[in-house]
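Report on the structure
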Amino acid sequence: EASASGMSARPQVPPIFTQKGAGRKAFDRLWWDQTREEMLFEAMNGPDDAEVKRHAAMRVYAQKYEFQLLRKYTRIKNNK
C-alpha cells in the first residue's frame, strides 16, 4: 500500500534486538526483581527525604512554568 511518493503507512522495520536469546523474558524478570526490591526498601525505611524534597521542588517549578505559559498565551493583544 505504498503511495505515489513511495511512502507506506506501515513500513517494514527491522527488529532492534537481533542477538540470540535477546528476548524480553530476562529483562522483565530483572525489571520486576528490582521493582520488588525498591518497594520493599521503601516499605521498610519510608521515603527518602531528599527524594521527597526533589519531587516537591519539581512540582513547584512545573506549576510556575505552566503559569508562565498560561499568562503568555492567554494575553489579549490589541495591535490597533
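Residues numbered from 1 in each chain as written. Predicted model: local features only at pLDDT ≥ 70, side-chain atom pairs only at ≥ 80, totals over all residues. Heavy atoms only, no water.

Attention shifts here to the overall build of the protein chain. From N to C terminus, the protein chain includes 2 helices and 0 strands. Considering the protein chain as a whole, with its 80 residues, one finds that 0% of them fall into the buried category. As presented, the protein chain carries roughly 8,500 Å² of accessible surface, and 59% of it is formed by carbon and sulfur atoms. (Helix = DSSP H or I, 4+ residues; strand = E, 2+ residues; numbered from the N terminus. Buried < 20%, exposed > 50% of the residue type's maximum accessible area, 1.4 Å probe, protein only. Areas by Shrake-Rupley, 256 points an atom, 1.4 Å probe, with all protein chains shown as cover.)

A few words now on the packing of aromatic side chains. Scanning all chains against the criterion turns up 1 aromatic pair. Ring geometry for Phe27 against Trp31: centres 6.2 Å apart, planes inclined by 40°, an arrangement best described as tilted. Of this pair, Phe27 and Trp31 both sit in helix 1 (residues 25–45), separated by 4 residues, roughly a single helical turn. Overall, the relative accessible area of 47% leaves Trp31 in the partly exposed class. (Phe/Tyr/Trp six-rings, centres within 6.5 Å; stacked < 30°, edge-to-face > 60°.)

Our focus in this paragraph is the pattern of salt bridges. All told, the structure shown has 2 salt bridges when counted by the stated rule. As a salt-bridge pair, Asp33 and Arg36 come within 3.7 Å of each other at their nearest N and O atoms. Separated by 3 residues within a single helix, Asp33 and Arg36 lie in helix 1, roughly one turn from each other. Of the residues examined, Asp33 reaches a relative accessible area of 41% and is grouped as partly exposed. As a salt-bridge pair, Arg54 and Glu51 come within 3.0 Å of each other at their nearest N and O atoms. Residue Arg54 and its partner Glu51 are located together in helix 2 (residues 49–74), separated by 3 residues, close to a single helical turn. Relative accessible area serves as the criterion here: at 34%, Glu51 is assigned to the partly exposed category. (Salt bridge = Lys/Arg side-chain N within 4 Å of Asp/Glu carboxyl O.)

Further remarks concern helix 1. Helix length check: helix 1, at 21 residues, gives a terminal C-alpha distance of 30 Å against a target of 30 Å (1.5 Å per residue), a fit within 8%. Directly after helix 1, the chain includes Gly46, whose backbone phi takes a positive value near 80°. (Expected span 1.5 Å × (residues − 1).)

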